[in-house]
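The residues making up each chain are set out below.
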Amino acid sequence: MGLTSHVEQAPVRAYSYQRFSSPSQANGDSLARQTALARAYAEQHGLRLDDELTYRDLGVSGFRGKNAAHGELACFLEAVRTGQIPEGSFLLIESLDRLSRDNILRAQAILTNLVVSGINVVSLADNRLYSEESLSEDPLGLIYALIVFIRANEESAIKSMRARQAWTRKREAVQSKVLSTNLPDWLTFENGRIVPVPERAELLRRIFSDAERGQPPQLIAEALNMGNVPRWRIDGPWERTTIAALINNRRVTGALPLHEFVYKRNVQHRLPIGVVAGYFPRIIEPETFLRVWSICSNRRRGGSAAKRNVFANLLRCADCGADIRHKPIGEEGKGVLVCAGASIAHRCSAPEYSYAALESAMLARLGPWSAEGILWIRNADPRGCRNSRGAPYRLLGNEALSWHHDRLSSDLAKRFPERSGEAPSLADYLVTSSGRRYLVNDCSTLLTSAETGLTTSRRRADTNAALRRMFNDGIVDLRTGRCTLSCGAAGSVEIS
């Protein structure tokens with residue numbers, strides 16, 4: 001008789017997976033019921049229920065597959081893949097809809113992957129076992145599982161549709177009813193109305209006043225901490241990011257940005273669908289808010305903003321004159337350009353415009369323009385203020401350029417005191433090799449970007465810097481996409 005016959009075989013391990021969708025279900029008996037069913041099945045079939053590796057997705061929906069992508073179920077699937085959970089183990093679930101309520105293909109894939117990995121999946125409510133052996137003997141068991149998955153997905157889809165319809169009705173009545181009890185930190189409910197918290201509203205005005213005077217968020221935070229001003233919501237010091245978030249919060253003007261959640265390939269996207277003016281009590285005047293926004297945007301010149309938006313700190317709205325800002329996700333789920341005034345529903349209703357469309361049109365137009373400019377500069381004869389073709393020089397008239405090349409400006413002021421503070425003309429740049437190099441370099445940057453595309457964030461930031469040196473103003477009509485880049489007395493370039 002072999003030695004192995006005297007060794008008692010260890011019981012097969014079972015793992016319990018428990019899930020419910022709503023956090024409110026934690027107050028009921030859902031968790032206790034699922035736990036009791038798993039223990040009863042393990043005892044009845046002589047399985048060892050592993051209490052240390054019980055997997056729970058509490059308050060996690062299975063409708064969009066979040067539990068299988070990021071939840072505890074994802075951890076279980078990874079443990080199976082790496083062999084931490086051995087073949088032959090049991091996964092105990094109350095019913096298949098706890099495993100997934102996703103679409104039929106994704107739900108079936110989860111079950112199939114578990115079964116072919118040697119895991120025995122048990123649906124406790126109907127006492128069904130799904131294993132490679134059982135499904136080979138009874139293929140109709142897989143059909144039954146598919147029916148359960150289809151029913152669960154349809155139920156969740158109906159609930160989701162009803163929830164969206166309820167929120168749509170709430171948004172339609174937003175002018176007369178409170179949409180949500182979730183309020184900004186400086187507001188509260190009083191007798192059924194949204195009202196400001198006086199001391200917090202006053203502090204908010206102080207923060208915007210400091211920001212309007214040019215103080216960056218870091219200095220504002222330090223001043224609040226030195227004055228022992230208590231921070232809202234949490235006990236801790238004020239931070240730069242907190243101040244920046246307040247300065248960029250459109251709700252201080254009374255505007256309520258509206259959004260809706262949509263799913264594409266089970267990835268959730270938060271898309272803007274409009275702005276409601278006057279929903280909250282106004283703490284900061286819209287004009288003040290826009291001025292502070294513009295100051296903060298100019299302070300970031302050449303930084304992260306330009307890496308995402310080649311038009312950063314250059315464009316203004318044709319309708320109202322407010323700054324044009326870049327938003328990574330618009331109503332279509334892609335990057336858009338928006339008017340700062342329209343974003344707070346202040347004297348403008350300009351729509352969003354595709355960022356990619358305007359960027360592509362700009363590169364197509366400025367490519368030939370830059371190539372012609374390089375030839376013109378290299379062929380120019382500075383003597384007599386006329387180029388080689390006899391055309392008179394045009395004034396560049398770009399303040400941003402004169403500030404960037406401050407050495408040329410200071411040299412001109414020394415040589416010609418009466419021109420102190422005057423922007424250099426194109427002839428001024430052409431009389432020196434360094435001046436000509438400045439212009440050729442910027443035109444070359446635009447030409448290279450037009451030929452190869454803005455393939456990196458660094459290239460986009462360099463192109464933005466060149467644009468701001470070549471052009472001192474830009475006006476864009478967000479309804480048509482027509483854009484005019486002005487270069488002072490040197491003229492303008494039309495992009496459409």
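Rules of the game
Residues numbered from 1 in each chain as written. Predicted model: local features only at pLDDT ≥ 70, side-chain atom pairs only at ≥ 80, totals over all residues. Heavy atoms only, no water. Helix = DSSP H or I, 4+ residues; strand = E, 2+ residues; numbered from the N terminus. Buried < 20%, exposed > 50% of the residue type's maximum accessible area, 1.4 Å probe, protein only. Contact = heavy atoms within 4.5 Å. Areas by Shrake-Rupley, 256 points an atom, 1.4 Å probe, with all protein chains shown as cover. Expected span 1.5 Å × (residues − 1). Pairing = 2+ DSSP bridges. Axes fitted to C-alpha atoms, helices over the stretch in contact; angles between N-to-C directions. Polar contact = N/O pair within 3.5 Å; in protein donor to acceptor, adjacent residues only side chain to side chain. Parallel < 35°, antiparallel > 145°, perpendicular 65-115°, else oblique. Left-handed = near helix turned anticlockwise from the far one by under 90°. Nonpolar A, V, L, I, M, F, W, Y, C, P; charged D, E, K, R; others polar. Phe/Tyr/Trp six-rings, centres within 6.5 Å; stacked < 30°, edge-to-face > 60°. Lys NZ or Arg CZ within 6 Å of the ring centre and 35° of its normal. Core = buried A, V, L, I, M, F, W, Y, C linked by side-chain atoms within 4.5 Å. Arc of directions from axis to C-beta. Patch = residues over 30% accessible without salt bridge, like charges linked within 9 Å, V, L, I, M, F, W, Y side chains within 5 Å. Salt bridge = Lys/Arg side-chain N within 4 Å of Asp/Glu carboxyl O. pLDDT = per-residue confidence, 0-100.

**Q** Teacher, can you tell me more about the overall build of the protein chain here?
**A** When you go through the protein chain residue by residue, the secondary structure sums to 19 helices and 17 strands. For the protein chain, the proportion of its 496 residues judged to be buried stands at 43%. The contacts of the protein chain with a sequence gap of at least 6 include a subset with a gap of at least 24, amounting to 62%. With an accessible surface of roughly 26600 Å², the protein chain has 50% of that area assigned to carbon and sulfur atoms.

**Q** I tried to follow helix α8 (residues 198–212) on my own but got confused; where do I start?
**A** Since the α-helix packs 3.6 residues into each turn, any two residues three or four apart lie on the same face. With 15 residues, α8 should reach 21 Å at 1.5 Å per residue; the first-to-last C-alpha distance of 21 Å fits that figure. Those residues of α8 that sit buried are A201, L203, L204, I207, F208, D210 and A211. The first or second residue beyond α8 is G214, which carries a positive phi of 100°.

**Q** Even after reading the chapter, I still don't get the sheet that holds strand β11 (residues 315–317), so can you show me in this structure?
**A** Paired through their backbone hydrogen bonds, the strands of a sheet run either parallel or antiparallel. Pairing is mixed across the open sheet formed by four strands, whose spatial order is β11-β15-β16-β17. Looking at the sheet topology across the chains shown, the edges are occupied by β11 and β17 (492–495). For this sheet, the mean inter-axis angle between neighbouring strands, taken without regard to orientation, is 20°.

**Q** Sorry if this is basic, but what is going on with the side chain of S16 here?
**A** Tracing the chain through its elements places S16 in strand β1 (residues 13–20). S16 gets classed as buried once you look at its relative accessible area, which sits at 2%. Reaching out from S16, the side chain makes a polar contact with the side chain of Q18 at a distance of 3.0 Å. Contact partners of S16, with chain neighbours within four places excluded, come to A38, L49, T54, Y55 and L92.

**Q** How should the packing of α8 against helix α9 (residues 217–226) be read in this particular structure?
**A** The description of two packed helices rests on the angle between their axes and on the distance between the axes. Contact geometry for α8 and α9: axes closest at 10 Å, N-to-C directions at 135°. Accordingly, the angle class assigned to the pair α8 and α9 is oblique. Considering the relative orientation of α8 and α9, their crossing is right-handed. Contacts between α8 and α9 pair L203, R206, I207, D210 and A211 from the former with I220, A223 and L224 from the latter. In terms of residue class, the contact of α8 with α9 is made up of six nonpolar, no polar and two charged.

**Q** Help me understand the packing of aromatic side chains in this model?
**A** For any pair of aromatic rings, the description consists of the separation of the ring centres together with the inter-plane angle of the planes. All told, the structure shown has seven aromatic pairs when counted by the stated rule. Both rings, one in F311 and one in Y355, keep their centres 6.0 Å apart while their planes meet at 75°; by these two values the pair is edge-to-face. Here F311, found in the loop between α12 (304–308) and β11, pairs with Y355, found in helix α14 (residues 355–379); they are 44 residues apart in sequence, far enough to count as distant. Side by side, F311 and Y355 carry an identical accessibility label, which is buried. Where W369 meets F471, the ring centres are 5.3 Å apart and the plane angle is 35°; that geometry is what we call tilted. Of this pair, W369 sits in helix α14 while F471 sits in the loop between α19 (457–470) and β15 (473–476), placing them 102 residues apart in sequence. Overall, the relative accessible area of 1% leaves F471 in the buried class. Through a chain of ring-to-ring contacts, the aromatic side chains of F208, F289 and W293 assemble into a single cluster. The lysine or arginine in question, R128, covers the ring of Y144, its NZ or CZ lying 3.8 Å from the ring centre. Lying over the aromatic face of W293, R325 brings its terminal NZ or CZ to 3.8 Å of the ring centre.

**Q** Just to check I follow, could you spell out unusual backbone geometry for this structure?
**A** With the exception of glycine, the majority of residues adopt a negative phi angle, and the majority of peptide bonds are in the trans configuration. Notably, N191 is not glycine yet its phi reads approximately 55°, a positive angle. Along the polypeptide, N191 turns up in the loop between β7 (187–190) and β8 (193–196). Its identity as a non-glycine residue notwithstanding, N228 has a phi of 55°, on the positive side.

**Q** Explain the nonpolar core here, please?
**A** For soluble globular proteins, nonpolar side chains are generally found buried alongside one another. In terms of nonpolar packing, the biggest core is built from 72 residues, with W238, L315, C339, L467, F471 and L485 touching the most fellow members. With seven residues, the single largest contributor to this core is α14. Beyond its immediate chain neighbours, meaning those up to four positions away, L315 contacts D323, I324, L337, L358, G474, V476, C483 and L485.

**Q** I'm lost on α9 in this one. Help?
**A** Along α9, the positions that sit buried rather than exposed are P217, I220, A221 and L224. For α9, the arc enclosing every buried residue in end-on projection is 100°, short of the 170-degree limit, so these residues lie on one face. Following α9 by one or two positions, N228 has its phi on the positive side, about 55°.

**Q** Where do I start with the sheet that holds strand β12 (residues 324–327) in this structure?
**A** Taken in spatial order, the three strands of this open sheet run β12-β13-β14, and their pairing is antiparallel. Two strands in the sheet have a free side with no partner beyond their single neighbour: β12 and β14 (353–354).

**Q** Looking at this model, I keep getting lost on a nonpolar patch on the surface. Mind explaining?
**A** Together, L140, I143 and I147 make up a nonpolar patch on the protein surface, roughly 310 Å² of accessible area in all. Among the structural elements, I147 can be located in helix α7 (residues 140–172).

**Q** What is the right way to look at the confidence of the model for the protein chain in this model?
**A** Low-confidence regions, as indicated by low pLDDT, have predicted coordinates that should not be scrutinised in detail. Averaged over every residue, the pLDDT of the protein chain is 82; the share at 70 or more is 81%. In the predicted structure, residues 382–388 sits below a pLDDT of 50 and forms 17 contacts with residues beyond four places in sequence or in another chain.

**Q** Would you mind going over the environment of Y279 with me for this structure?
**A** Secondary-structure assignment places Y279 in the loop between β10 (267–276) and α11 (286–299). Counting along the chain gives 100 residues from Y279 to L179, while the straight-line C-alpha distance between them is 9.5 Å. In this structure, Y279 is in contact with V174, K177, V178, L179, S180, I194, G254 and L256, ignoring residues within four places of it in sequence.

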